[in-house]
Amino acid sequence: MTCREAIEVLADYIESTLTPAELEKLEAHLRECAPCRAYLATYKRAAELAAKVNRVEMPPEVRQRLRDFLSGPLGSTP
Ligand SMILES: [Zn+2]
């Protein structure tokens, strides 16, 4: 497996949707490829962070500010 192939299946790896054969190939690659391990760690953290952010309720004032922003001059320009 090349680094390119490894990175292509990383999202599936995190979602645990890889086939056992793909999983084995990826894990073998990760064992001998430090850059891909680092990439996976970063990717995982970003995925976890995104999941966390989505669960958190947006504070009303932020929501209001966002609405103001969207309906302001910027949002109404053609
Ligand atoms: Zn690699």
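The structure reproduced in this document is the subject of the present report. (Residues numbered from 1 in each chain as written. Predicted model: local features only at pLDDT ≥ 70, side-chain atom pairs only at ≥ 80, totals over all residues. Heavy atoms only, no water.)

## Examining the packing of helix H1 (residues 3-14) against helix H3 (residues 34-55)
Piece 1. Where H1 meets H3, the axes come as close as 11 Å, and the angle between the chain directions of the two elements is 30°. When the interaxial angle is binned, H1 and H3 end up roughly parallel. The chirality of how H1 crosses H3 is right-handed. For the pair H1 and H3, contact is made by Cys 3, Ala 6, Ile 7, Leu 10, Ala 11, Tyr 13 and Ile 14 and by Cys 36, Tyr 39, Leu 40, Tyr 43 and Lys 44, respectively.
Piece 2. Tallied by class, the residues present in the contact of H1 with H3 amount to 11 nonpolar, no polar and one charged. (Axes fitted to C-alpha atoms, helices over the stretch in contact; angles between N-to-C directions. Helix = DSSP H or I, 4+ residues; strand = E, 2+ residues; numbered from the N terminus. Parallel < 35°, antiparallel > 145°, perpendicular 65-115°, else oblique. Left-handed = near helix turned anticlockwise from the far one by under 90°. Contact = heavy atoms within 4.5 Å. Nonpolar A, V, L, I, M, F, W, Y, C, P; charged D, E, K, R; others polar.)

## Side note on the nonpolar core
Piece 1. In terms of nonpolar packing, the biggest core is built from 10 residues, these being Ala 6, Val 9, Leu 10, Tyr 13, Leu 18, Leu 26, Leu 30, Cys 33, Cys 36 and Leu 40.
Piece 2. A per-element tally of this core places H1 first, with four residues. (Core = buried A, V, L, I, M, F, W, Y, C linked by side-chain atoms within 4.5 Å. Buried < 20%, exposed > 50% of the residue type's maximum accessible area, 1.4 Å probe, protein only.)

## What to know about helix H2 (residues 20-32)
Piece 1. Taking 1.5 Å of rise per residue, the 13 residues of H2 would be expected to cover 18 Å, and the 19 Å separating its terminal C-alpha atoms lies within 8% of that figure.
Piece 2. Inspection of H2 places Leu 26, His 29 and Leu 30 among the buried residues, and these make up the whole buried set. Viewed along the axis of H2, the buried residues span an arc of 100°, placing them on a single side of the element. Residues Pro 20, Ala 21, Glu 24, Arg 31 and Glu 32 are exposed on H2 and point more than 90 degrees away from its buried face.
Piece 3. On its buried side, H2 packs onto H1 and H3. (Expected span 1.5 Å × (residues − 1). Arc of directions from axis to C-beta.)

## Considerations on a nonpolar patch on the surface
Piece 1. A contiguous nonpolar surface patch, about 460 Å² in accessible area, is contributed by Met 58, Val 62, Leu 66, Phe 69 and Leu 70.
Piece 2. Its location among the elements puts Leu 70 in helix H4 (residues 60-71).
Piece 3. The exposure class of Leu 70 is exposed, given its relative accessible area of 54%. (Patch = residues over 30% accessible without salt bridge, like charges linked within 9 Å, V, L, I, M, F, W, Y side chains within 5 Å. Areas by Shrake-Rupley, 256 points an atom, 1.4 Å probe, with all protein chains shown as cover. Salt bridge = Lys/Arg side-chain N within 4 Å of Asp/Glu carboxyl O.)

## Some points on the packing of aromatic side chains
Piece 1. Under the criterion given, the structure shown has one aromatic pair.
Piece 2. Ring centres of Tyr 39 and Tyr 43 lie 6.0 Å apart, and the angle between their planes is 40°; this geometry places the pair in the tilted category. In this pair, Tyr 39 and Tyr 43 are both assigned in helix H3, four residues apart and thus about one turn of the helix distant. (Phe/Tyr/Trp six-rings, centres within 6.5 Å; stacked < 30°, edge-to-face > 60°.)

## Digging into the coordination of the zinc ion
Six octahedral donors around a metal ideally make angles of 90 or 180 degrees; four tetrahedral donors ideally make 109.5 degrees.
Piece 1. Only Cys 3 (SG), His 29 (NE2), Cys 33 (SG) and Cys 36 (SG) from the protein coordinate the zinc ion, and they sit 2.0 to 2.3 Å from it.
Piece 2. Coordination geometry of the zinc ion: the four donor atoms subtend angles of 104 to 114° at the metal centre, consistent with an arrangement described as tetrahedral.
Piece 3. Binding-site remark: the zinc ion is held by donors from one chain whose sequence spacing is C-x25-H-x3-C-x2-C. Taken individually, Cys 33 and Cys 36 each receive the classification buried, so the pair is uniform in this respect. (Donors = N, O, S within 2.8 Å, 3.2 Å for Na, K, Ca; no water. Tetrahedral: all angles 85-135°; square planar, octahedral: opposite > 155°, others 65-115°.)

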